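One letter stands for each residue in the lines below.
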Amino acid sequence: MTSADASQSPTDGPAPARAGERKGERTRRRILQAARRRFAEVGYERATIRAIAEQAGVDKASVIQYFGTKQELFRETVDWEIPVAELTTDDPGQSVENYLRTMLGAWSKDPDSPMTALLRTSLTSEDAAELLRERVTAQAIDPIAAQIDDPDSRLRAALVGAMMMGIATHRHLLRMPDLAGADLEDVLRLAVPVLRGLIDPGGPSGERPDTTD
């Protein structure tokens, strides 16, 4: 057994069919899921179309048919949207809570999500790192900075992104004990006031708004 084989979970078989899903759609989804795991495990350079095909339970020709090249497959594998506009409210504190809660929830729900796969791969691939920079800047930094009325708006937005990414990475990828074992509400209780201070420099600092009513 190779090290790559050993890293696979015993349940890493073909993805189960979804109701109403056509065979072509199911095959495409299986390839994407296998590619996401493979890129995250071994990096972009070492991941091969043949290995991805084997993990997806298809042949190499099928991968090429659906996605063309490895680069095109990678870009689609790690494609995601950061819904900043949908999560933003008139209350800066509620907005940053929405951002962080949504990010941590997504990483908890799917350890092989496009964002986590891209983050892992970016550690060993400059192309992946550049793609990560482009995505985070366009989808998070730019819209958050546009909300901040301050000369340091872009730096403040970048710090918000860096802090949230750091919290998510330590909690779900590195599994740092104190953060990984903490209750989500406690993480939000302590982190949200810090993040609010960055996006609302003229506003009050302190506890998160009470949304229990």
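A brief look at the structure comes next. (Residues numbered from 1 in each chain as written. Predicted model: local features only at pLDDT ≥ 70, side-chain atom pairs only at ≥ 80, totals over all residues. Heavy atoms only, no water.)

1. Here we look at helix α3 (residues 49-56)
Heads up, the rule is: Three exposure classes are used, based on accessible area relative to the maximum for each residue type with a 1.4 Å probe and protein chains only: buried under 20%, partly exposed in between, and exposed over 50%. Under the DSSP-based scheme used, a helix requires at least four consecutive residues in state H or I and a strand at least two consecutive residues in state E, with every element numbered from the N terminus.
Buried residues dominate α3, accounting for six of its eight residues. When α3 is considered as a whole, its buried residues turn out to be Ile49, Ala51, Ile52, Ala53, Gln55 and Ala56. Backbone geometry just downstream of α3 places Gly57 in the positive-phi region, at approximately 75°.

2. Overview of the pattern of salt bridges
Just so we agree on the cut-off: One speaks of a salt bridge when a side-chain nitrogen belonging to Lys or Arg is within 4 Å of a carboxyl oxygen belonging to Asp or Glu.
As enumerated under the stated definition, the model contains 11 salt bridges in all. Between Asp79 and Arg135 there is a salt bridge, with the nearest N and O atoms lying 3.7 Å from each other. Of this pair, Asp79 sits in the loop between α5 (70-77) and α6 (84-87) while Arg135 sits in helix α9 (residues 126-147); the two residues are 56 residues apart in sequence, bridging distant segments of the chain. The class of Asp79 is partly exposed, set by a relative accessible area of 41%. A salt bridge links Arg156 to Asp150; the nearest nitrogen and oxygen atoms lie 3.2 Å apart. Using a relative accessible area of 21% as the deciding quantity, one classes Asp150 as partly exposed. Connected through salt bridges with shared partners, the residues Asp91, Arg196 and Asp200 form a single ionic network.

3. Quick notes on the packing of aromatic side chains
The condition is simple: When the centres of two rings from Phe, Tyr and Trp lie within 6.5 Å, Trp using its six-membered ring, the rings pair. Their planes under 30 degrees apart give stacked, over 60 give edge-to-face, and anything left gives tilted. Consider the ring centre and the ring normal. A charge sits over the ring if Lys NZ or Arg CZ is within 6 Å of that centre and within 35 degrees of that normal.
As enumerated under the stated definition, the model contains four aromatic pairs in all. With 5.1 Å between their ring centres and 65° between their planes, Tyr44 and Phe74 make a pair best called edge-to-face. Taken together, the residues span a long stretch of sequence, with Tyr44 in the loop between α2 (23-42) and α3 and Phe74 in helix α5 at a distance of 30 residues. Like Tyr44, the residue Phe74 is buried in the burial classification. By way of ring pairs, the aromatic residues Phe39, Tyr44 and Phe74 are connected into one cluster. The ring centre of Tyr44 lies 4.4 Å from the NZ or CZ of Lys70, which sits over that ring.

4. Points about the nonpolar core
Applicable threshold: Within this scheme, the nonpolar core is defined by two criteria: the residues are buried Ala, Val, Leu, Ile, Met, Phe, Trp, Tyr or Cys, and they are joined through side-chain atoms within 4.5 Å. Residue contacts are counted whenever heavy atoms from the two residues lie within 4.5 Å of one another.
With 54 residues, the main nonpolar core has Ile31, Phe39, Leu73, Phe74, Leu100, Leu118 and Ile144 as its most contacted residues. It is α9 that contributes the most residues to this core, eight residues altogether. When neighbours within four sequence positions are excluded, Leu118 is seen to be in contact with Phe74, Val78, Trp80, Ala128, Leu131 and Leu132.

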